[in-house]
Amino acid sequence: QKEVEQNSGPLSVPEGAIASLNCTYSDRVSQSFFWYRQYSGKSPELIMSIYSNGDKEDGRFTAQLNKASQYVSLLIRDSQPSDSATYLCAVNTGNQFYFGTGTSLTVIP
Amino acid sequence: NAGVTQTPKFRILKIGQSMTLQCAQDMNHNYMYWYRQDPGMGLKLIYYSVGAGITDKGEVPNGYNVSRSTTEDFPLRLELAAPSQTSVYFCASSYSWRKNYSNQPQHFGDGTRLSIL
């Protein structure tokens, strides 16, 4: 059973702070890693993809991958109220994608 | 620029009824997926397809069937609907140039909210 674990939260941060979201996965052969944002009642929206160890930055978002520790994280800098959503970690192995249950983030104005 | 289109958006079924959830994509993606999402839970894979004529089971396939006669369409069939199938269903697609390996991110449709009473 391939597992993707996330802290369910809720995680609350003040506006302008850094939000840190974490994800661990069980399958060592997993190849690709994704972060999706999902607003309540909406479909998942891709934020970041990361394929190799290290950091990847895109605007206010930074994804970090450590395959040895089977760990992937997402940092959101200068958090905005519009960032309030559930963040899903997804791990790709072969043809399939495995999703965590998501971390609920609330950014307090 | 439609992307992934799912119909219907909402549906209420009675126990034992059948229905087909439609999914179409216009991005020429070869991979397509069906997920269900229960409240407070992550996405669970029902079925997926790596190309026309090829389908395979995911984590929770019982009670569902799929077909993939064209690249664009991937309908999900519910036979003998049960209350446990009340959920939000998402269709997704992605592209891979490699066989048996899809590492490109998925694009999701808006979902179908299905209630079975």
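Whatever comes next refers back to the structure up there.
Residues numbered from 1 in each chain as written. Chains lettered and ligands numbered in written order. Predicted model: local features only at pLDDT ≥ 70, side-chain atom pairs only at ≥ 80, totals over all residues. Heavy atoms only, no water.

Would you mind going over the overall build of chain A in detail, with residue names and values included?
When its secondary structure is counted, chain A shows zero helices and eleven strands. Overall, chain A shows an N-to-C arrangement of helices and strands of β-β-β-β-β-β-β-β-β-β-β. In summary, chain A has a C-alpha radius of gyration of 13 Å against a globular reference of 13 Å for 109 residues, a match within 12%. Viewed in the frame of its principal axes, chain A has a C-alpha envelope of about 40 × 30 × 20 Å. (Helix = DSSP H or I, 4+ residues; strand = E, 2+ residues; numbered from the N terminus. Rg over C-alpha atoms; globule rule 2.2 N^0.38 Å.)

Help me get a handle on the state of the cysteines, residues and values and all.
Residues and elements named next belong to chain A. If you walk through the whole model with that rule in mind, you get two disulfides over all chains. Paired through a disulfide, C23 and C89 show a sulfur-sulfur distance of 2.1 Å. The disulfide joining C23 to C89 has a torsion of about -75° about its S-S bond and is therefore left-handed. Placement of C23 in strand β3 (residues 19–25) and of C89 in strand β9 (residues 85–93) is noted, with a sequence separation of 66 residues between them. C89 carries the same exposure label as C23, and that label is buried. (Disulfide = S-S within 2.5 Å. Buried < 20%, exposed > 50% of the residue type's maximum accessible area, 1.4 Å probe, protein only.)

Residues and numbers for the layout of surface pockets, please.
Over the atoms, a rolled probe matching the size of one water molecule traces out where space is still vacant. Size it by volume and the largest pocket reaches roughly 340 Å³. In this structure, the largest pocket is lined by 19 residues; those nearest its centre are A:Q38, B:Q37, B:D38, B:P39 and B:G40. Among the elements that line the lining of the largest pocket, the one with the most residues is strand β9 (residues 87–94) of chain B, at three residues. The class makeup of the residues in the lining of the largest pocket is five nonpolar, eleven polar and three charged. (1 Å grid on protein atoms, 1.4 Å probe; cavity = no way out; pocket = protein on both sides within 12 Å on 5 of 7 lines; lining within 4 Å. Points joined across faces, edges and corners; volume = space filled by probe spheres on them. Nonpolar A, V, L, I, M, F, W, Y, C, P; charged D, E, K, R; others polar.)

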